[in-house]
Amino acid sequence: MTTRQAADAGAIPGTAAQGVADDVIPGVAVQRAEDAGATSGLAARLAGMISTACDGRLTSEEILASGASLSALGVTSLALLRLIDAVEDEFDVALDLGGGAPYLDSFPLLVGYMDARTP
Amino acid sequence: MTSPAVPVPGTVPEMLRLRAAQEPERTAVIVEGNGAMTFGEWERRSDALAHGLLDRGVRPGDRVGLLFGSWDWIDFSVAYCAAQKAGAVAVPLSDRLAPAEVRHMLAHCSASAVLYGRDLRPPAGEHWSAAPADLEGGAAGAVEVRVGPGDLAQILYTSGTTGLPKGVAASHANLVFGCETRPNRRRFGHSRHLLHAFPIGTNAGQTMLMNALDARPAMLTLGRFTPGRFARLIESYGPGTVFVVPAMAIEFLNAGLHERHDMSSVLLLGSAASALPPSVSARLAAAFPNATVTNYYTSTEAAPAQTIMIFDPARPGALGRPAFGGSLRVAGPGGDPLPAGETGEVWLRSPAVPRSYYRDERAGAEAFRGGWVRMGDLGYLDADGYLHLVDREGDVVKSGAFKVSTLQVEAALYEHADVAEAAVVGLPHPVLGTTLAAAVVPRSAGISGGDLRAFLTERLAGHELPERVLVVDALPRNQSGKVIKRELRRLFDPAATGQTEGT
């Protein structure tokens, strides 16, 4: 044996977006998510991807209607890392390479961020 | 043939000094997308930062909090060694922690200063704080502070059985135990890169930092783990050694990434933090065709005591035997060793100076017994001395390999003004092993699971947030008033109806 121990506690690094309460989500982003016609297809697709990442525990409808933080909605760290991979695969957009990703704080913000980076 | 004599470092800063003298231009740490650092740079920057800390009044024995995210492993590594060069105790803190948790930890150890990484700000308190770059501009060269093997080097906070995190203190002698400095004997000698994704502030993460100091391969990590990114890193760097936790491994396998990327470089695939389920070990062995799949069993309290198991289909559930001169015991109620086959408490004894709880004698007396550490697990030894664990229900559960105290989550729920009663249990989860579920009796109608989770994000780390929150009229209790967790768990059964699950 020539290996030093690895150890207790490691886990899925990458945390659910840390708490942002409902009232701090900019209204403009909510507006974009709900109303912008060109965005609605993207929003629906992203909501479906989040629902899949959550193993279906959250429905697309619940996600589309949500303005609260994703972690308050019940999107776990595990679901978030699945979502990041799914978005990179489908849209070739990198989410959260580390160092803060405020657009992961809520669904409307995420849709706004993705809308600005996809054709 | 004997190797030329190489001094044996007695402290972590001595490990760095020696390596920087041996291989100043060699890459020590790489954070994908965030740069790299050589041993020479590590030494120079940590000297400069140590001067900066001393100039700001840090004195030997002071506790210095280090709040960094995984994208900042390079600055964290500099800050860790700088604090110790100044004679201070490094207190690594993960960016995953909620503000209230960081405040508690800094207050508990009376930190005099906090160094913090990019995009993070420490909470206010009795300490001053600075980014490393703010303090590195002054004097250069080694500082004149004597640091010895018996001096305290590090405090790591981990979930305990009483609901509040425990500070686990380690001396330099404990951390440098087993350090190998002879160039031809370095650990993981088959590798140019060692890839891991353990967070800062965990024992596994700190172990990787020690590996970065004395092992042959450069430590390679990434700002945020996802299975896809991990797979691409393996393909592009071809690391010979990769460390994971079971939850990462399961996600990786389920996503089928080994079918799309070349995994042939990996010769050692180590798993830590919780036991690999045998079926996962077998799948990993197939997915990493050239790798020896190895499981490590230890704890923040017990390190460097550990058991190591190379996956053996003939003993699929075994966790191995003690390594590196440590000892293993399955103890009966009085602490005496039990014969093979009998289930009892798992105890490990460190081959190095043991660790201890910082400022918590009562919990320390419970966990540390005459050089032995009670692991908090139940298990038995087979006839050949291999350890096997037995499941049990407790107040501390492992979720994705983090220890989480259900009592701590309950305590955080009780801080909400509208919560009359709260109880938290672990539910089985196919990837994480256990996921958290909370049942809450409200004081008034209208409270939702989403409200409660939003409230908890200020108080708990992401991995401590209950995935499921149920608002109920009453908690199931026995005649003496104790919550019956077995019945509580049933409430979360899909067949159970009549409750509101908050989202």
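Residues numbered from 1 in each chain as written. Chains lettered and ligands numbered in written order. Predicted model: local features only at pLDDT ≥ 70, side-chain atom pairs only at ≥ 80, totals over all residues.

Engineer: When you look at the overall build of chain A in this model, what are you seeing that I'm missing?
Structural biologist: Helices and strands together make up the secondary structure of chain A, namely 6 helices and 0 strands. Along the chain direction, N to C, the helices and strands of chain A fall in the order α-α-α-α-α-α. Within chain A, contacts between residues at least 6 apart in sequence are counted, and of these 69% link residues at least 24 apart. (Helix = DSSP H or I, 4+ residues; strand = E, 2+ residues; numbered from the N terminus. Contact = placed C-beta atoms within 7 Å.)

Engineer: Explanation requested: the UniProt feature "domain: AMP-binding enzyme C-terminal" (unreviewed entry) in chain B in the structure shown.
Structural biologist: According to UniProt, the positions carrying the feature "domain: AMP-binding enzyme C-terminal" (unreviewed entry) are residues 408-482 of chain B. When the span residues 408-482 of chain B is considered, its composition is 20% helix and 33% strand, and the gap between its end C-alpha atoms is 17 Å. (UniProt positions renumbered as here; feature names shortened; annotations may be inferred.)

Engineer: Explain unusual backbone geometry here, please?
Structural biologist: Excluding glycine, residues mostly have negative phi values, and the peptide bonds linking residues are mostly trans. All names here are of chain B. Residue P304 is reached from A303 by a cis peptide bond, and omega for that bond is 5°. You can see P304 is positioned in the loop between strand 13 (292-297) and strand 14 (307-310). Positive phi outside glycine occurs at S110, with the angle close to 50°. Positionally, S110 belongs in the loop between helix 4 (99-108) and strand 5 (113-116). The exposed category is assigned to S110, around which 12 C-beta atoms lie within 10 Å. Of note, F188 is a non-glycine position whose phi angle comes to about 50°, a positive value. (Buried ≥ 20, exposed ≤ 12 C-beta atoms within 10 Å, placed from the backbone.)

Engineer: It is not clear to me how the domain arrangement of chain B should be interpreted in this structure. Could you clarify?
Structural biologist: Frequently, the measure chosen for interface size is the accessible area removed from exposure when the parts meet. Residue and element names in this part refer to chain B. Taken domain by domain, chain B comprises domain 1 (36-147), domain 2 (182-297) and domain 3 (396-501). Its C-alpha centre places domain 1 at a distance of 28 Å from the equivalent point of domain 2. When contributions to the side of domain 1 that touches domain 2 are tallied by element, the ones reaching two or more residues are helix 3 (73-85) and strand 4 (89-94). (Domains from an automatic or database assignment.)

Engineer: Looking at this model, I keep getting lost on the confidence of the model for chain A. Mind explaining?
Structural biologist: Model confidence for chain A is summarised by a mean pLDDT of 75, while 67% of its residues fall at 70 or above. The model gives residues 5-34 of chain A a pLDDT under 50, and that stretch makes 123 contacts with residues more than four places away or in other chains. (pLDDT = per-residue confidence, 0-100.)

Engineer: Before we go on, may I ask you to explain the packing of helix 2 (residues 39-55) of chain B against helix 3 of chain B in this structure?
Structural biologist: Packed helix pairs are specified by the crossing angle of their axes together with the interaxial distance, meaning the distance between the axes. All names here are of chain B. Close contact between helix 2 and helix 3 brings their axes to 8 Å; oriented N to C, the two are set at 55°. With respect to their mutual orientation, helix 2 and helix 3 come out oblique. The handedness of the crossing between helix 2 and helix 3 comes out as right-handed. The residues of helix 3 that touch helix 2, namely those facing W42, R45, S46, D47, L49, A50 and L53, are S77, V78, A79, C81, A82, A83 and K85. In terms of residue class, the contact of helix 2 with helix 3 is built from 9 nonpolar, 2 polar and 3 charged. (Axes fitted to C-alpha atoms, helices over the stretch in contact; angles between N-to-C directions. Parallel < 35°, antiparallel > 145°, perpendicular 65-115°, else oblique. Left-handed = near helix turned anticlockwise from the far one by under 90°. Nonpolar A, V, L, I, M, F, W, Y, C, P; charged D, E, K, R; others polar.)

Engineer: Explain the environment of B:V8 to me, please; I cannot follow it from the model alone.
Structural biologist: Note that B:V8 resides in the segment before helix 1 (12-22). A C-alpha to C-alpha distance of 18 Å links B:V8 and B:P24, two positions 16 residues apart in sequence.

Engineer: How should I be thinking about the pairing of strand 3 (residues 63-68) of chain B in this particular structure?
Structural biologist: In the case of a regular strand, side chains alternate between the two sheet surfaces. All names here are of chain B. Burial analysis of strand 3 places 6 of its 6 residues in the buried class, the great majority of the element. Burial of strand 3 is two-sided: the residues R63, G65 and L67 facing one way and the residues V64, L66 and F68 facing the other way are all buried. Note that strand 3 and strand 4 share 6 bridges and pair parallel. Residue pairing in the sheet places R63 in a bridge with V89 of strand 4. Here strand 3 pairs with strand 5 via 4 bridges, running parallel. Looking at strand 5, one finds that L67 is bridged to Y116. (Pairing = 2+ DSSP bridges.)

Engineer: I tried to follow the packing of helix 1 of chain B against helix 2 of chain B on my own but got confused; where do I start?
Structural biologist: All names here are of chain B. Between helix 1 and helix 2, the least distance of the axes is 8 Å, while the angle of their chain directions is 135°. Accordingly, the angle class assigned to the pair helix 1 and helix 2 is oblique. The chirality of how helix 1 crosses helix 2 is left-handed. Contacts from L16, R17, R19 and A20 of helix 1 reach helix 2 at F39, G40, W42, E43 and S46. Of the residues assigned to the contact of helix 1 with helix 2, the class counts are 4 nonpolar, 2 polar and 3 charged.

Engineer: Teacher, can you tell me more about the nonpolar core here?
Structural biologist: For soluble globular proteins, nonpolar side chains are generally found buried alongside one another. Counting residues in hydrophobic clusters, the biggest one holds 190 residues, and the most contacted among them are A:I50, B:L53, B:V64 and B:L66. With 9 residues, the top contributor of residues to this core is helix 3 of chain B. (Core = buried A, V, L, I, M, F, W, Y, C linked by C-beta atoms within 7 Å.)

Engineer: I would appreciate a short explanation of the pairing of strand 17 (residues 344-349) of chain B in the present structure.
Structural biologist: All names here are of chain B. With 5 bridges joining them, strand 16 (residues 327-331) and strand 17 adopt antiparallel strand pairing. Bridging from a neighbouring strand, L328 pairs with L348 of strand 17. Bridge analysis of strand 17 against strand 20 (residues 372-381) gives 5 bridges, and the strand direction is antiparallel. Directly across from E345, in strand 20, lies its bridge partner L378.

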